[in-house]
Amino acid sequence: MPSVADGFPALVADLEYPMAVVTCDDGRQRSGCLVGFLSQCSIDPPRMTVWISVTNHTHPVALASDHLAVHLLSSAERGVAELFGSRTGDEVDKFSRCAWHPGPGGAPVLEDCTRWFVGRVLDHHTDGDHTGFLLEPVELSPTDAPWPGQLGFQAVRDLDPGHDP
């Protein structure tokens, strides 16, 4: 029997997690990253938690931000996943390579994403090598746009991360 440290990654490797891009602006800089850890965590009131790696360029910017924009990626938006998942903000201005506009709290809203919301950060907590951000949605995209289905982890697992894990 494998150890938990060796066996757990293999146990969850084939799960299909939804992929999203989280963007933020702390008033000094913008940042954004591809995330695979997110979950609705309350129906009434509506709440979502997204987890950002502590090694990611976006992490300190998100910690200093009042709002985060969460872009729920469709299968047609792999290019956005590649831009925000295989480049690091330490080296590349991702926002100069895509169309966006400021949303509530200055959170950048990516115009090539059909489903998104901006959430006010209510709390954050450390969970191992990621920080969870509890969000209260304050603005969202129209929900009547065509949706070809979510972009899942298995469709982007070949991307090389823009930062060391």
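Keep in mind the model is a prediction, meaning the values are calculated, not measured. (Residues numbered from 1 in each chain as written. Predicted model: local features only at pLDDT ≥ 70, side-chain atom pairs only at ≥ 80, totals over all residues. Heavy atoms only, no water.)

## Thoughts on the sheet that holds strand β5 (residues 67-72)
With antiparallel pairing, the seven strands of this open sheet are ordered in space as β2-β1-β5-β8-β9-β4-β3. Among the strands making up the open sheet, the edge pair consists of β2 (30-35) and β3 (38-42). Averaged over all neighbouring strand pairs, the angle between strand axes comes to 35°, with direction disregarded. Of the strand pairs in this sheet, strand β8 (residues 116-127) and strand β9 (residues 130-140) are connected by 10 bridges, and their pairing is antiparallel. Note that in β9 the partner of T126 across the bridge is T131. In the packing of helix α3 (residues 78-85) onto the sheet, contacts are made with β1 (20-25) and β2, and the angle to β2 comes to roughly 115°. (Pairing = 2+ DSSP bridges. Helix = DSSP H or I, 4+ residues; strand = E, 2+ residues; numbered from the N terminus. Axes fitted to C-alpha atoms, helices over the stretch in contact; angles between N-to-C directions. Contact = heavy atoms within 4.5 Å.)

## Section: α3
Those residues of α3 that fall on the buried side of the exposure criterion are V80, A81, L83, F84 and G85. Those residues of α3 hidden inside the fold are in contact with β1, β2, β7 (108-110) and α4 (153-156). (Buried < 20%, exposed > 50% of the residue type's maximum accessible area, 1.4 Å probe, protein only.)

## Here we look at the layout of surface pockets
By volume, the largest pocket amounts to about 970 Å³. Along its surface, the largest pocket is lined by 36 residues, and G36, F37, H130, F153 and P161 are the ones closest to its centre. At the level of elements, α1 (4-12), β2, β4 (47-53), α3 and α4 are the ones that each hand at least two residues to the lining of the largest pocket. Among the elements that line the lining of the largest pocket, the one with the most residues is β2, at four residues. Looking at the lining of the largest pocket residue by residue, the classes come out as 18 nonpolar, 13 polar and five charged. Here the second largest pocket is characterised by a volume of approximately 330 Å³. (1 Å grid on protein atoms, 1.4 Å probe; cavity = no way out; pocket = protein on both sides within 12 Å on 5 of 7 lines; lining within 4 Å. Points joined across faces, edges and corners; volume = space filled by probe spheres on them. Nonpolar A, V, L, I, M, F, W, Y, C, P; charged D, E, K, R; others polar.)

## Points about a nonpolar patch on the surface
On the surface, a nonpolar cluster with roughly 360 Å² of combined accessible area is contributed by V4, F8 and L11. For V4, the position within the fold is in helix α1. (Patch = residues over 30% accessible without salt bridge, like charges linked within 9 Å, V, L, I, M, F, W, Y side chains within 5 Å. Areas by Shrake-Rupley, 256 points an atom, 1.4 Å probe, with all protein chains shown as cover. Salt bridge = Lys/Arg side-chain N within 4 Å of Asp/Glu carboxyl O.)

## Notes on the state of the cysteines
Linking two cysteines covalently via their sulfur atoms produces the bond known as a disulfide. Tallied over the entire structure, the rule returns zero disulfides. Residue C41 stays outside any disulfide, its sulfur separated by 18 Å from that of C33, the closest cysteine. By relative accessible area, which is 43% here, C41 ends up partly exposed. (Disulfide = S-S within 2.5 Å.)

## Considering the nonpolar core
Counting residues in each nonpolar core, the largest one holds 17 residues, and the members touching the most others are V50, L68, V70, F133 and L135. Put simply, the parts of the chain that give this core at least two residues each are β1, β2, β4, α2 (58-63), β5, β8 and β9. Non-local contacts of L68, meaning those with residues more than four positions away in its chain, are made with V22, T23, C24, V50, A62, A107, F117, V118, G119, V121, F133 and L135. Core analysis: the next-biggest nonpolar cluster, separate from the first, contains 15 residues, M19, L34, L151 and V156 among them. (Core = buried A, V, L, I, M, F, W, Y, C linked by side-chain atoms within 4.5 Å.)

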